[in-house]
Amino acid sequence: MRSARMALIFFLAIISLFAGCQTNDGNQGAFGSAQEPVYAAIPQQDAKRMKEELEQMKEVDAVTAVQIDNEVYITLTVTGFDRLFLKKIRKGAHERAKKLNQDAVVHVSTDKKIDRDLSRLEDSVKDRTITKEELKKKLDKADKDMKG
């Protein structure tokens, strides 16, 4: 009986040793999670320039901007007493952004949910983990959310 237990333990040890030595397949990273594919860069020159310009506004704490073709989606983070003047701040931000590129279609929002969504999209564009088609689809949804 004792030798049967020893044989079973030995057998389980050998099985666990082989199970632990399996190789990674090509779709997995160092920690076993699937790596995301890298997509082509989506130009963000106008968004970057507008973001830098709007960050200079004293009422604005942070700016998020994403561009697709000639459309630029911008969210502003406004806190404290300045939140009482959101409409005026959005209008001023829209005018300043539009001065940088008259041909661009500029969308400005101060909604926190949209800011969170655009922030994720901005990171995805920066990291090149989103296609142009996916970005267009998500920005269309954000545009609908901006309009109510």
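To be clear, the structure that these remarks concern was listed above.
Everything numeric here is computed off the predicted structure, so don't read it as measured data.

Caption draft 1: Representation of the environment of Leu121 in the model. For Leu121, the location among the structural elements is in helix H4 (residues 112-127). Given a relative accessible area of 6%, Leu121 falls into the buried group. For the pair Leu121 and Lys138, spaced 17 residues apart in the sequence, the C-alpha separation amounts to 8.2 Å. Beyond its immediate stretch of four places on either side in the chain, Leu121 contacts Val66, Ile130, Leu135, Lys138 and Leu139.

Caption draft 2: Just the packing of helix H2 (residues 45-54) against helix H3 (residues 86-100), in detail. At a closest axis distance of 9 Å, the pairing of H2 and H3 adopts a crossing angle of 135°. Here H3 runs oblique to H2, going by the angle between their axes. Considering the relative orientation of H2 and H3, their crossing is right-handed. Facing H2, whose interface residues are Arg49, Met50, Glu53 and Leu54, H3 presents Ala93, Arg96, Ala97 and Leu100.

Caption draft 3: Structural context of the pairing of strand S2 (residues 71-77). For S2, the buried fraction is high: six of the seven residues fall into the buried class. With seven bridges connecting them, strand S1 (residues 62-68) and S2 associate as antiparallel partners. Within the sheet, the bridge partner assigned to Ala62 lies in S2 and is Thr77. Counting the residues that bridge the hairpin from S1 to S2 gives two residues, and of these Asp69 lies at a positive phi of roughly 55°. Examined bridge by bridge, S2 and strand S3 (residues 105-109) share five bridges and lie parallel to one another. Looking across to S3, one finds that Ile74 is bridged to Val108. Running through H3, the crossover from S2 to the neighbouring parallel element S3 is right-handed.

Caption draft 4: Up close: the packing of aromatic side chains. All chains considered together, the criterion is met by one aromatic pair. For the pair Phe81 and Phe85, a centre-to-centre distance of 5.5 Å together with 65° between the ring planes defines the contact as edge-to-face.

Caption draft 5: The arrangement of the nonpolar core in detail. Counting 18 residues, the largest nonpolar core has Met50, Leu54, Ile74, Leu76 and Val106 as the members making the most contacts within it. Element by element, the count of residues in this core is highest for H3, at four residues. Contacts of Met50, omitting those with residues within four sequence positions, involve Val72, Ile74, Ala97, Leu100, Asn101, Ala104 and Val106.

Caption draft 6: Representation of H2 in the model. Three or more residues of H2 are buried, namely Asp46, Ala47, Met50 and Leu54. Around the axis of H2, the buried residues are gathered within 95° of arc, so they sit on the same side. Residues of H2 that are exposed and point more than 90 degrees away from the buried face comprise Gln45 and Lys48. Those residues of H2 that are buried are in contact with S1, S2, H3 and S3.

Criteria and thresholds
Residues numbered from 1 in each chain as written. Predicted model: local features only at pLDDT ≥ 70, side-chain atom pairs only at ≥ 80, totals over all residues. Heavy atoms only, no water. Helix = DSSP H or I, 4+ residues; strand = E, 2+ residues; numbered from the N terminus. Buried < 20%, exposed > 50% of the residue type's maximum accessible area, 1.4 Å probe, protein only. Contact = heavy atoms within 4.5 Å. Axes fitted to C-alpha atoms, helices over the stretch in contact; angles between N-to-C directions. Parallel < 35°, antiparallel > 145°, perpendicular 65-115°, else oblique. Left-handed = near helix turned anticlockwise from the far one by under 90°. Pairing = 2+ DSSP bridges. Right-handed = clockwise from strand over helix to strand, strands pointing away. Phe/Tyr/Trp six-rings, centres within 6.5 Å; stacked < 30°, edge-to-face > 60°. Core = buried A, V, L, I, M, F, W, Y, C linked by side-chain atoms within 4.5 Å. Arc of directions from axis to C-beta.

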